[in-house]
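Residue-level listing of the chains:
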Amino acid sequence: MKPTPVFSSSDYHLLRELILKSKNSTNAKEAGLLAQELDRAIVSKEKNIDNSIIRINSFVTIEDVNAKKQMKIQIVLPSMADVKAGKISILAPLSVAIIGFKENDEVDWELPAGIKTLKIIAVGNE
């Protein structure tokens, strides 16, 4: 069973605004998937958020469970995205797949070639 995502109230509201602005963009599918995750999420006060939960600006190490390959990324707002620097937009499919989850959770990431299972190895929040 898929874990339930957890969001701080500020991230939750910021992401809802982003989704509204993305309705007619190239990221409309991802915005829709993100909205589904927000619909089933637990929203918590900032001070109650566990530091191991992925949120906007988190540094994350994830592993492709089948390939045993790890990658390190930072989840950022679309305006800050820079793939070469490892900064992935919150509206990118990978970010949508892992935002709100925590260390040791496993999530499925849907790709054109099929579904990959990702394990969240480490989360850093500054």
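About the thresholds
Residues numbered from 1 in each chain as written. Predicted model: local features only at pLDDT ≥ 70, side-chain atom pairs only at ≥ 80, totals over all residues. Heavy atoms only, no water. Core = buried A, V, L, I, M, F, W, Y, C linked by side-chain atoms within 4.5 Å. Buried < 20%, exposed > 50% of the residue type's maximum accessible area, 1.4 Å probe, protein only. Helix = DSSP H or I, 4+ residues; strand = E, 2+ residues; numbered from the N terminus. Salt bridge = Lys/Arg side-chain N within 4 Å of Asp/Glu carboxyl O. Expected span 1.5 Å × (residues − 1). Arc of directions from axis to C-beta. Contact = heavy atoms within 4.5 Å. Polar contact = N/O pair within 3.5 Å; in protein donor to acceptor, adjacent residues only side chain to side chain.

Attention now moves to the nonpolar core. In this structure, Leu15, Leu34, Ile54, Ile90, Ile98 and Ile120 are the most contacted members of the largest nonpolar core, which totals 31 residues. Secondary-structure elements contributing two or more residues to this core are helix 1 (9–21), helix 2 (28–39), strand 3 (59–64), strand 4 (69–76), helix 3 (93–98), strand 6 (106–111) and strand 7 (114–124).

Now for the pattern of salt bridges. For the structure shown, the criterion picks out four salt bridges. Notably, a salt bridge pairs Glu37 with Arg40, separated by 3.1 Å at the nearest N-O pair. A residue is classified by how much of its surface remains accessible, and Glu37, at 6% relative accessible area, is buried. Looking at Arg40, the relative accessible area reads 32%, which means it is partly exposed.

Once that is clear, we can look at helix 1. One turn of an α-helix holds 3.6 residues; hence residues three or four places apart share an orientation. The end-to-end C-alpha separation of helix 1 is 19 Å, in line with the 18 Å expected for 13 residues at 1.5 Å each. Turning to helix 1, its buried residues number three or more, namely Asp11, Tyr12, Leu15, Leu18 and Ile19. End-on view of helix 1: buried residues confined to an arc of 125°, all on one side of the axis. Residues of helix 1 that are exposed and point over 90 degrees away from its buried face: Leu20 and Lys21. Here the buried face of helix 1 lies against strand 1 (6–8), helix 2 and strand 2 (42–44).

Attention now moves to the side chain of Ser58. Looking at the secondary structure, you find Ser58 in the loop between strand 2 and strand 3. Exposure remark for Ser58: the relative accessible area of 0% places this residue in the buried category. Reaching out from Ser58, the side chain makes a polar contact with the side chain of Asn125 at a distance of 2.4 Å. In contact with Ser58, not counting residues within four places along its chain, are Ile53, Ile73, Gln74, Ile75, Val123, Gly124 and Asn125.

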